[in-house]
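Results of the structural survey
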Amino acid sequence: MSAASCLQTEDQFLCSICLDVFTHPVTIPCGHNFCKACITVHWNVNALPNCPNCNQGFNTRPELRVNTFISEMAAQFRLSAQQKASSRSSEQQAAQPGEVPCDVCTGTKVKALKSCLVCLVSYCEAHLEPHLTTSGLKRHHLMDPVEDLEGWMCTKHDKLLELFCKTDQMCVCMLCTVLDHKNHDVVPLREEYEGKKAELGKAEAEVQQMIQKRRLKIQEIKHSVELSEEAADREVAEGVLVFSALKESVERSQAELVDTIKEKQRKTQKQAEGFIKELEQEISELKKRSTEVEQLSCSEDHLHLLQSFRTLNTAPPTKDWTGVRVSAPSYEGTVVRAVHQLEKKLSKQMKLLELKRVQQSAVDVTLDPDTAHPKLILSDDGKQVKHGDEKKNLPDNPERFNFCFIVLGKQSFSSGRFYYEVQVKGKTDWDLGVVRESINRKRFRSLSPQNGYWTICLRNQNMYKAFADPPVCFSLKSWPEKVGVFVDYEEGLVSFYDVGAAALIYSFTDCCFTEKLYPYFSPFINNNRKNSAPLIISPVNH
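Residues numbered from 1 in each chain as written. Predicted model: local features only at pLDDT ≥ 70, side-chain atom pairs only at ≥ 80, totals over all residues. Heavy atoms only, no water.

1. Concerning the overall build of the protein chain
The number of helices and strands found in the protein chain is nine helices and 21 strands. For 542 residues, the compact-globule estimate of 2.2 N^0.38 gives 24 Å, and the C-alpha radius of gyration of the protein chain, at 56 Å, exceeds that figure by more than 25%. By its C-alpha atoms, the protein chain is 195 × 90 × 45 Å across when sized along the principal axes. Expressed as a percentage of its 542 residues, the buried residues of the protein chain come to 36%. In the protein chain, the proportion of contacts linking residues at least 24 apart, taken out of those at least 6 apart, comes to 57%. For the protein chain, the computed accessible surface area is about 33500 Å², with 53% contributed by carbon and sulfur atoms. Where the 68 positive side-chain charges of the protein chain centre and where its 71 negative ones centre are 6 Å apart. (Helix = DSSP H or I, 4+ residues; strand = E, 2+ residues; numbered from the N terminus. Rg over C-alpha atoms; globule rule 2.2 N^0.38 Å. Buried < 20%, exposed > 50% of the residue type's maximum accessible area, 1.4 Å probe, protein only. Contact = heavy atoms within 4.5 Å. Areas by Shrake-Rupley, 256 points an atom, 1.4 Å probe, with all protein chains shown as cover. Lys, Arg positive; Asp, Glu negative; His and termini not counted. Charge placed at Lys NZ, Arg CZ, Asp CG, Glu CD.)

Here it is in structure tokens:
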């Protein structure tokens, strides 16, 4: 029989149970044909033997014998289809490593296009054609090619694992649902596959989100390390400058100490040399007189001896050396005084170096008119503020203070360091510092760190106070004319400096900053023009 005639009668050679070409076909009494293994399994499952096609029942299980005619025809049909597919596959390239080969190709194994879960065979494009054209084979379950097709078969019943038992969380065949998994929650395999695939997609999205968060955290950590390295380099550079300056001061003080001691020694030596010179001159005169006296004593000239006796009998005029002493200079306390002076000098220099260090973080600050109390007067350039007698008619926007004479800077800071200087010369009262963005601007609250204020003030020209918890009052040796405000956001530090004296006034430490900080200014009340001088934001002179 030709391949064409086989294809025209292909439905005659398909088992209605397995939907594949007959394998050991048998005919039962009603006339329908089945694979011997398929009908045997069917009857093993059902209590009474019947026909799966017409449902005719039989009192006793019929004896099964292979229909040789149908078996031969099915074999010829299978061979013809394979030969036709092989002729096409021979023109195609062989499957590459990692690709699933066609199970039907006899020569060069071509890459499989699909795997059939009914036939448990993987087909290339050519050998797949019957499954795409033959009505019986079209009902077979095709999927993307896989190597382990046997894994899709139930090891117990040798049937396709096409269902999923949710109760036992395992793949099962149709017979499993009738026997071992009866009354279990069973769904089609594709339905469970789609559900699990959706869960995997969700899990994958969550994993990708976690990966992204960790990548961002890595960037954050790397950025922190970079900031740390920059800070370390900056501190090393500043430390080298500081210690170099201190070393120069110590060496200079040491040289001054040595010069002082040597100068005392030189004066003592010069004095001694003067005394010795005088003594040697007197000795020389006395020796001369001694020689003259000796010569006169040996003279036989009576007249000459008597005439010279008056002159030579008395010693030449000399100095009374009895009370003359050359005392070694006292060096007691010289080193101590030098060290004390060095300490004072180093202390002053350290203050100056510290001020210079914080001045490196100088920023340009201007006043924000939208935050100013209506009685405050701001300069056009936003660098000066003072208290006025008249209340201006200004919009009561959320940023504006209406309970105290306060104005904030326009600039906000949420990281790093910043520093600015304010001239307070001529004022009897003032407030300076920084505040967090969320402070209450419409109702008075104590100016404490707990409420978001880190500030100091001057009251009545002589009392200084830091608004800590509790407030701290202190005095200063001199009245600052210019105050520097320094903030290290990460360190939690707010420090105030007397710029003229290069001295630290007060520091808030261990602060916890969690939001933006703004420079804070209050020129306080005019007080009948006694406190009329403005607060002036000054350029930083490094």
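There is more to say, and it comes next.
2. Some remarks on the sheet that holds strand β20 (residues 517–522)
Strand pairing within a sheet occurs via backbone hydrogen bonds; the two strands may be parallel or antiparallel. Strand order across the open sheet formed by six strands is β11-β20-β13-β14-β15-β16, with antiparallel pairing between neighbours. The outermost strands of the open sheet, each flanked by one partner alone, are β11 (407–408) and β16 (472–474). In terms of strand pairing, β11 meets β20 through two bridges, oriented antiparallel. Following the sheet pairing, V407 is matched in β20 by F521. (Pairing = 2+ DSSP bridges.)

3. What about unusual backbone geometry?
Omega for the bond connecting D469 with P470 falls within 30 degrees of zero, at 0°, which places this linkage in the cis form. Tracing the chain through its elements places P470 in the loop between β15 (463–466) and β16. Its identity as a non-glycine residue notwithstanding, Q169 has a phi of 55°, on the positive side. Within the secondary structure, Q169 sits in the loop between β6 (163–165) and β7 (170–172). A positive phi is found at N527, a non-glycine position, where the angle reads about 55°.

4. Details of the pairing of strand β19 (residues 503–508)
Pairing geometry for strand β18 (residues 493–498) and β19, over five bridges, is antiparallel. Residue pairing for β19: V494 is matched across the bridge by F508. Following β18, the chain reverses through four residues before pairing antiparallel with β19; A502 in that reversal takes a positive phi of roughly 50°.

5. Thoughts on the pairing of strand β17 (residues 482–488)
With respect to burial, β17 is a largely interior element, six of its seven residues being buried. Relative to β17, strand β12 (residues 417–423) is paired through seven bridges, and the arrangement is antiparallel. Paired with Y419 across the two strands is F486, which belongs to β17. Looking at chain direction, β17 and β18 are connected through six bridges and run antiparallel. Across the sheet, the residue bridging to F486 is S495, located in β18.

6. Quick word on the packing of helix α7 (residues 189–297) against helix α8 (residues 302–312)
The N-to-C vectors of α7 and α8 enclose an angle of 155°; their axes lie 10 Å apart at closest approach. Considered as vectors, α7 and α8 are oriented roughly antiparallel to each other. Between α7 and α8 the crossing geometry is left-handed. Two secondary-structure elements touch here, α7 through R289, E292, V293 and L296 and α8 through H304, L305, S308, F309, T311 and L312. Taken together, the residues that form the contact of α7 with α8 break down as five nonpolar, three polar and two charged. (Axes fitted to C-alpha atoms, helices over the stretch in contact; angles between N-to-C directions. Parallel < 35°, antiparallel > 145°, perpendicular 65-115°, else oblique. Left-handed = near helix turned anticlockwise from the far one by under 90°. Nonpolar A, V, L, I, M, F, W, Y, C, P; charged D, E, K, R; others polar.)

7. Here we look at the confidence of the model for the protein chain
The predicted model of the protein chain averages 87 in pLDDT, with 96% of residues at 70 or higher. Ignoring residues within four places in sequence, the model shows residues 1–8, a span with pLDDT below 50, making eight contacts including any to other chains. (pLDDT = per-residue confidence, 0-100.)

8. Topic: the nonpolar core
Residues W430, F508 and F521 are the most contacted members of the largest nonpolar core, which totals 36 residues. Leaving out residues up to four positions away in the same chain, W430 has contacts with V424, I456, C457, L458, R459, Y464, V483, S522, F524 and L535. Within the second largest apolar cluster, 20 residues are counted, among which are F13, M73, A74 and F77. (Core = buried A, V, L, I, M, F, W, Y, C linked by side-chain atoms within 4.5 Å.)

9. Focus: a nonpolar patch on the surface
A cluster of nonpolar side chains, namely V45, V178 and L179, defines an oily patch on the protein surface of about 220 Å² accessible area. Positionally, V45 belongs in helix α2 (residues 36–45). (Patch = residues over 30% accessible without salt bridge, like charges linked within 9 Å, V, L, I, M, F, W, Y side chains within 5 Å. Salt bridge = Lys/Arg side-chain N within 4 Å of Asp/Glu carboxyl O.)

10. Side note on a negative patch on the surface
A surface patch of negative charge is lined by E226, E229, E230 and D233. The residue E230 is located in helix α7 in this model. With relative accessibility at 49%, the residue E230 sits in the partly exposed group.

11. Some thoughts on the packing of aromatic side chains
Inspection of the entire model under this criterion finds 14 aromatic pairs. When the centroid spacing of 3.9 Å and the interplanar angle of 15° are considered together, the rings of F413 and F418 count as stacked. For the pair Y453 and Y520, a centre-to-centre distance of 6.0 Å together with 90° between the ring planes defines the contact as edge-to-face. On the criterion of sequence distance, the pair formed by Y453 in strand β14 (residues 453–459) and Y520 in strand β20 is long-range, its members being 67 residues apart. A single burial state applies to Y453 and to Y520, both of which are buried. Each residue in the set W430, Y464, F474, F496, Y506 and F508 is aromatic and connected to the rest through ring pairs, giving one cluster. Over the ring of W321 we find K319, and its NZ or CZ is 4.6 Å from the ring centre. Here the guanidinium or amino end of R459 rests over the ring plane of F524, the centre of that ring lying 4.0 Å away. (Phe/Tyr/Trp six-rings, centres within 6.5 Å; stacked < 30°, edge-to-face > 60°. Lys NZ or Arg CZ within 6 Å of the ring centre and 35° of its normal.)

12. Points about the sheet that holds strand β3 (residues 114–116)
Taken in spatial order, the three strands line up as β4-β3-β5 in an open sheet, and their pairing is antiparallel. The open sheet has two edge strands, β4 (121–123) and β5 (142–143), and neither has a second partner. Looking at chain direction, β3 and β4 are connected through three bridges and run antiparallel. Residue pairing across strands places S115 opposite S122, the latter belonging to β4.

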